[in-house]
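Chain and residue survey
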Amino acid sequence: AGSAWDNGSASCRSCSTAPCPCVPSRHGAVKAEDTFKTSPFHLDLWFYFTLQNWVLDFGRPIAMIILPLEWFPLNKPSAGDYFHMAYNVITPFLLLKLIERSPKTLPRSMVYVSIITFVMGASIHLVGDSVNHRLIFSGYQHHLSVRENPIIRDLKPQTLIDSFELLYYYDEYLGHSMWYIPFFLILFIYFTGCFTPVAEQSRMPVAAVLLMGPSSLYYWYLVTEGQIFILYIFTFFAMMALVMHQKRKGLVLDSNGLFLFYSFIIALLLIAGWVGWLWNDKILRKKYPGVIYIPEPWAFYTLHMSNLHAARESS
């Protein structure tokens, strides 16, 4: 019994002088290899992430417009609403799986709070966006403000207009803020762990290069339709500052970090091209006044493309 106690005491003494990987800390197991371990390119996660973004986020208003109205009456959830519900479940799950694969121990409390806020904001947006897109069938025009829309400005009593403006606030401002701020925060938290001292690991596989196109295009859509350019550019500047800071330590981005960083750069170029193309559009200029002029794709659609489709159908 004495020898067994001596062995246990020696084991405890050894754990007290060196990190013991088998004993979890209060916030999870401590990774002694945080500084040196790198992850291979997460092709499965990035592919699923990009695919569900395109199908469930970008595709939801398209599905609502294309599918017959008889299948989804205006007083019931539309196909786009079900897409949005799926997005609100799948996206936080993929973000958590992405965080789990980080070679660096990341602040779990911040991640959990961000995910909870993300789900709440996306759910608020689900309700507001559902009603706003249903209004398209009644003649609502996204390139006009709420009070300037013909179907809204003649409502009686006038307090109904205030209610629609409140709905618009929940959809475009509160919902977007609680959705996108934690979304980009989680991506940045993950990005902080995407550094390696091995220069050979700072390369992207061919699959990553091919996936970078649709990923960048989605970020363009997210920024322009969500009207979150300030949040996006601050996140990009923070990423760039972190890259320069880590470079002075002899660390470079791994394949996952390069994929995320280059996707942001290409998306920024796409945004610049989009703004340049619509720079002289007087109607959209009125809709989006101020220094930062970034029209929403759906506002462009209701202004130009929907009229074109209607003319084709009438001919």
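Note that the structure is a prediction, hence the values are computed from the model and not measured. (Residues numbered from 1 in each chain as written. Predicted model: local features only at pLDDT ≥ 70, side-chain atom pairs only at ≥ 80, totals over all residues. Heavy atoms only, no water.)

Okay, the overall build of the chain next. Within the chain, the secondary structure is distributed over 11 helices and 2 strands. Shown N-terminal to C-terminal, the secondary structure of the chain runs as helices and strands in the order α-α-α-α-α-α-β-α-α-β-α-α-α. Counting over 315 residues, the chain shows a buried share of 43%. Counting contacts in the chain only where the partners sit at least 6 residues apart, residues at least 24 apart contribute 79% of the total. Surface exposure of the chain reaches about 16,900 Å², of which carbon and sulfur atoms provide 68%. (Helix = DSSP H or I, 4+ residues; strand = E, 2+ residues; numbered from the N terminus. Buried < 20%, exposed > 50% of the residue type's maximum accessible area, 1.4 Å probe, protein only. Contact = heavy atoms within 4.5 Å. Areas by Shrake-Rupley, 256 points an atom, 1.4 Å probe, with all protein chains shown as cover.)

Let us look at the nonpolar core. Counting residues in hydrophobic clusters, the biggest one holds 61 residues, and the most contacted among them are Trp46, Phe183, Phe184, Tyr219 and Phe264. Elements represented by at least two residues in this core include exactly helix H2 (43-66), helix H3 (79-100), helix H4 (108-134), helix H6 (159-191), helix H7 (206-226), helix H8 (229-248), helix H9 (255-277) and helix H11 (297-314). Within the second largest apolar cluster, 6 residues are counted, among which are Leu135, Ile152, Ile161 and Tyr168. (Core = buried A, V, L, I, M, F, W, Y, C linked by side-chain atoms within 4.5 Å.)

We now examine the pattern of salt bridges. Applying the stated criterion across every chain yields a total of 7 salt bridges. One salt bridge in this structure joins Asp57 and Arg60, with 3.1 Å as the shortest N-O distance. Linking Asp57 with Arg60, this pair stays in helix H2, spanning 3 residues, or about one helical turn. Of the two residues examined, Asp57 and Arg60, each falls in the buried class. For Arg147, the salt bridge identified is with Glu165, shortest N-O distance 3.0 Å. Highlighted residues: Arg147 in the loop between H4 and helix H5 (150-153) and Glu165 in helix H6, separated in sequence by 18 residues. Residue classification places Arg147 among the partly exposed residues on the basis of a relative accessible area of 37%. Residue Glu165 is classed as partly exposed on the basis of its relative accessible area of 30%. (Salt bridge = Lys/Arg side-chain N within 4 Å of Asp/Glu carboxyl O.)

Together, Leu43, Phe47, Tyr48, Leu51 and Val55 make up an exposed nonpolar region whose accessible area comes to about 460 Å². Tracing the backbone through its elements, the reader meets Leu43 in helix H2. Residue Leu43 is classed as partly exposed on the basis of its relative accessible area, which comes to 40%. (Patch = residues over 30% accessible without salt bridge, like charges linked within 9 Å, V, L, I, M, F, W, Y side chains within 5 Å.)

The subject of this paragraph is the side chain of Ser114. If you trace the backbone, Ser114 turns up in helix H4. A relative accessible area of 5% places Ser114 in the buried class.

Bringing the packing of aromatic side chains into the picture now. Under the defined criterion, the tally for this structure stands at 34 aromatic pairs. Ring plane angle 70 degrees and centroid distance 6.1 Å describe the contact between Trp46 and Tyr190, whose orientation is recorded as edge-to-face. Pair noted here: Trp46 is in helix H2 and Tyr190 is in helix H6, with a separation of 144 residues, a long-range link. Residue class for Trp46 comes out buried when judged on its relative accessible area of 1%. (Phe/Tyr/Trp six-rings, centres within 6.5 Å; stacked < 30°, edge-to-face > 60°.)

Bringing the confidence of the model for the chain into the picture now. When pLDDT is averaged along the chain, the result is 84, and 85% of the positions lie at 70 or above. Contacts of residues 308-315 to residues separated by more than four positions or lying in other chains number 1 contact, the stretch itself having pLDDT below 50. (pLDDT = per-residue confidence, 0-100.)

So, on to the packing of H7 against H9. For the pair H7 and H9, the least separation of the axes is 8 Å and the interaxial angle reads 50 degrees. Taken together, the axes of H7 and H9 lie oblique to each other. Seen along the crossing, H7 lies across H9 with a hand that is right-handed. The segment H7 lies against H9, with Ala208, Leu211, Met212, Ser215, Ser216, Leu217, Tyr219, Trp220, Val223 and Thr224 engaging Phe259, Leu260, Tyr262, Ser263, Phe264, Ile266, Ala267, Leu270, Ile271 and Trp274. (Axes fitted to C-alpha atoms, helices over the stretch in contact; angles between N-to-C directions. Parallel < 35°, antiparallel > 145°, perpendicular 65-115°, else oblique. Left-handed = near helix turned anticlockwise from the far one by under 90°.)

For H7, which comprises 21 residues, the first-to-last C-alpha distance of 30 Å matches the rise-based estimate of 30 Å (1.5 Å per residue) to within 8%. Immediately downstream of H7, the backbone of Gln227 shows phi near 55 degrees, a positive value. (Expected span 1.5 Å × (residues − 1).)

With an omega of -5 degrees, the peptide bond running from Lys156 to Pro157 counts as cis. Inspection of the secondary structure puts Pro157 in the loop between H5 and H6.

Attention now goes to the packing of H8 against H9. One can describe the packing of H8 onto H9 by two numbers: an axis separation of 11 Å at closest approach and a directional angle of 140 degrees. Comparing the axis directions of H8 and H9 gives the class oblique. The crossing of H8 and H9 is left-handed. The residues of H9 that touch H8, namely those facing Phe229, Tyr232, Ile233, Thr235, Phe236, Met239 and Met240, are Leu260, Phe261, Ser263, Phe264, Ile265, Ala267, Leu268 and Ile271. Classifying every residue of the contact of H8 with H9 by side-chain character gives 13 nonpolar, 2 polar and no charged. (Nonpolar A, V, L, I, M, F, W, Y, C, P; charged D, E, K, R; others polar.)

A separate point is the environment of Tyr140. When you line up the elements, Tyr140 lands in the loop between H4 and H5. Residue Tyr140 is classed as buried on the basis of its relative accessible area of 4%. A sequence separation of 162 residues divides Tyr140 from Thr302, and the C-alpha atoms of the two residues are 8.9 Å apart. Setting aside chain neighbours within four positions, we find Tyr140 in contact with Leu135, Val146, Asn149, Ile151, Ile152 and Tyr168.

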